[in-house]
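Commentary on secondary and tertiary structure
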Amino acid sequence: MRNFTDFGLADAILRGVSAEGYTTPTPIQNEVIPAILARQDVLGIAQTGTGKTAAFVLPLLHDHISETARPQAKHCRSLILTPTRELASQIAANIRAYGQFTKISVAEIVGGVKPGPQIRALNIGADIVVATPGRLEDHVRTGALKLDHVKAIVLDEADQMLDLGFAPAIRRIISKLPAKRQTILLSATMPKQIHKLATDLLTRPVEISVTPESRPIERIEQSVLAIEIAAKRDALVSYLSENKVERAIVFTRTKRGADKVKKYLDGAGLKSEAIHGNKSQGQRERALNGFRKGSTKILVATDIAARGIDVDDVSHVINFDLPQVAEVYVHRIGRTARAGKSGVALTLCTPPEHGLLKAIEKLIGTSIKIEDRTVGGLLHAAAAHAASDAAAPKAAKGRRGGHKHVNARQTPNNKNNKTKAKRRDFRSGEETPSAGLDRILQKSYKRSSVRAA
Ligand code: AMP
């Protein structure tokens, strides 16, 4: 399809789509919209940023628009399950936008807020319920919502839901749906458990896996800064002060870490907000709104809280801590370079995190360039070594320049890295960060040589 009108969607929906400024369907929309309209089950592998939300929302709206009766009290016609409240809010906002010229009703059922308004919304019935599994089950248990009229269920970001331990809840919820229903499962990755879930829950699904034509990751300038743990916060402050940062998300591994980083940035005069699971829904929404409007330029977030953040103008993603799971890196950096824009992703990598970095490079199939620059008055360890290393004049010269990016594949003399890889800090006996990274570099270099051969 080259045009949204080719799908046979109702006029009111086409008006909503065009009010959003969409002219051409994305590849996933081209595949998924006709399949859902034909009432088939769908198993879709798609990352955020591909337009997957509209891919399932538009045909659901089309189906509901033809219903003449209002949804019955305490019932809904379709159910969308998401891993996080932010993603649920985002999807509900999209439904309202695409359905602005229709009378379709949507109820948002998420944890962390008072149940009263949700119960009232369910009481009058809703065409579409967008929910996180825990709170949805609460309402089903108390009888505030009944699931026996559900015609279609969407499991969005299913891999993330499984990571969060929602598999039993999902199965319980599905067991309460009518046997004759449509099931749509979307996931960014396809681990074995997702495959099993799909086999158990879907009936002869259309399998759709879409690689975006211009994968966002290719528009992201990725680099790594090798650094000692103690220097991280100063490095972050310098980086954020020195670079033209429109909007940055700083990822930390823990909630406490996010709070600490926010405090440190505040102390350095850099206004930021932190979002994580210990914040109330109100606090999270305020922080996100400020970030969206541009009154807060820096958002410090944990992975879970950041899921579903859909802000188009994030110029920088900074991994203050490396993620424990390589796939999460791809999700994180996908917060930038949205809507056709480019973006920058910087990863601070301490010696204990080298293994995680290697796993990421393996996953994305390329080595990430090493930033070689002074940070917060601290000369990055590799540069320090190069400066003191008379035996490696060529490499040292390039590095002493201070701001040159060194790409593993272009490293002029990787043999020198072998010597450096064995160097140990004479004070601590620990391997220095540059030694560890050089070893990684060398392996990447070997990998790229093999590929080139
Ligand atoms: P999603 O993958 O659903 O999170 O969508 C990513 C971004 O793409 C969102 O900002 C959408 O508003 C936008 N989008 C979705 N479909 C289209 C389209 N056909 N044309 C332009 N932008 C789109």
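The present account deals with the structure reproduced in this document. Here the structure is a predicted model, which is why all the values come from computation and not from measurement.

Thresholds, definitions, all that
- Residues numbered from 1 in each chain as written.
- Predicted model: local features only at pLDDT ≥ 70, side-chain atom pairs only at ≥ 80, totals over all residues.
- Near = placed C-beta within 6 Å.
- Helix = DSSP H or I, 4+ residues; strand = E, 2+ residues; numbered from the N terminus.
- Nonpolar A, V, L, I, M, F, W, Y, C, P; charged D, E, K, R; others polar.
- Domains from an automatic or database assignment.
- Buried ≥ 20, exposed ≤ 12 C-beta atoms within 10 Å, placed from the backbone.
- Pairing = 2+ DSSP bridges.
- Contact = placed C-beta atoms within 7 Å.
- Axes fitted to C-alpha atoms, helices over the stretch in contact; angles between N-to-C directions.
- Parallel < 35°, antiparallel > 145°, perpendicular 65-115°, else oblique.
- Left-handed = near helix turned anticlockwise from the far one by under 90°.

With that out of the way, let us pick up the site of the ligand. As a structural note, the neighbourhood of the ligand is formed by 15 residues, with Tyr22, Gly51, Lys52, Thr53 and Ala54 the closest of them. When residues in the shell around the ligand are grouped by element, the largest group, 3 residues, is from helix H3 (residues 52–65). Residue composition of the shell around the ligand, grouped by class: 4 nonpolar, 8 polar and 3 charged. Three or more residues apiece are contributed to the shell around the ligand by two domains, here domain 1 (4–209) and domain 2 (216–452).

Once that is clear, we can look at the pairing of strand E5 (residues 152–155). Going residue by residue along E5, you find Ala152 and Val154 tucked away on one face and Ile153 and Leu155 tucked away on the opposite face as well. In this structure, strand E2 (residues 76–81) lies alongside E5, joined through 4 bridges in parallel fashion. Looking across to E5, one finds that Leu81 is bridged to Leu155. As paired strands, E5 and strand E6 (residues 182–187) are joined by 4 bridges and run parallel to one another. Bridged to Leu155 within E6 is Leu185.

For Ile184, the position within the fold is in strand E6. A residue is classified by how many C-beta atoms lie within 10 Å of it, and Ile184, with 27 of them, is buried. Once the C-alpha coordinates of Ile184 and Val42 are considered, the two residues, 142 residues apart in sequence, prove to be 4.7 Å apart. Not counting the four nearest positions on each side in its chain, Ile184 is found in contact with Ile36, Asp41, Val42, Phe56, Ala152 and Val154.

Within a sheet, each strand pairs with its neighbour through backbone hydrogen bonds, oriented either parallel or antiparallel. The strand order E3-E4-E2-E5-E6-E1-E7 describes an open sheet built from 7 strands, whose pairing is parallel. In this open sheet, the two edge strands, each paired with only one partner strand, are strand E3 (106–109) and strand E7 (206–209). If you compare each strand with its neighbour and ignore which way they point, the axes differ by 15° on average. Its contacts with the sheet put helix H2 (residues 27–37) on strand E1 (42–45), E6 and E7, and the angle it makes with E1 is roughly 170°. Contacts from helix H4 (residues 85–98) reach E2, E3 and strand E4 (126–131) within the one sheet, and its direction differs from that of E3 by about 175°.

The next subject is the packing of helix H1 (residues 11–19) against H3. When two helices pack together, you describe them by how their axes are tilted relative to each other and by the distance separating the axes. At a closest axis distance of 9 Å, the pairing of H1 and H3 adopts a crossing angle of 150°. Considering the angle they form, H1 stands roughly antiparallel to H3. Crossing of H1 over H3 shows right-handed handedness. Counting all contacts with H1, which are made through Ala12, Ile13 and Val17, the residues of H3 involved are Leu58, Leu61, His62 and Ile65. Split by residue class, the contact of H1 with H3 holds 6 nonpolar, 1 polar and no charged.

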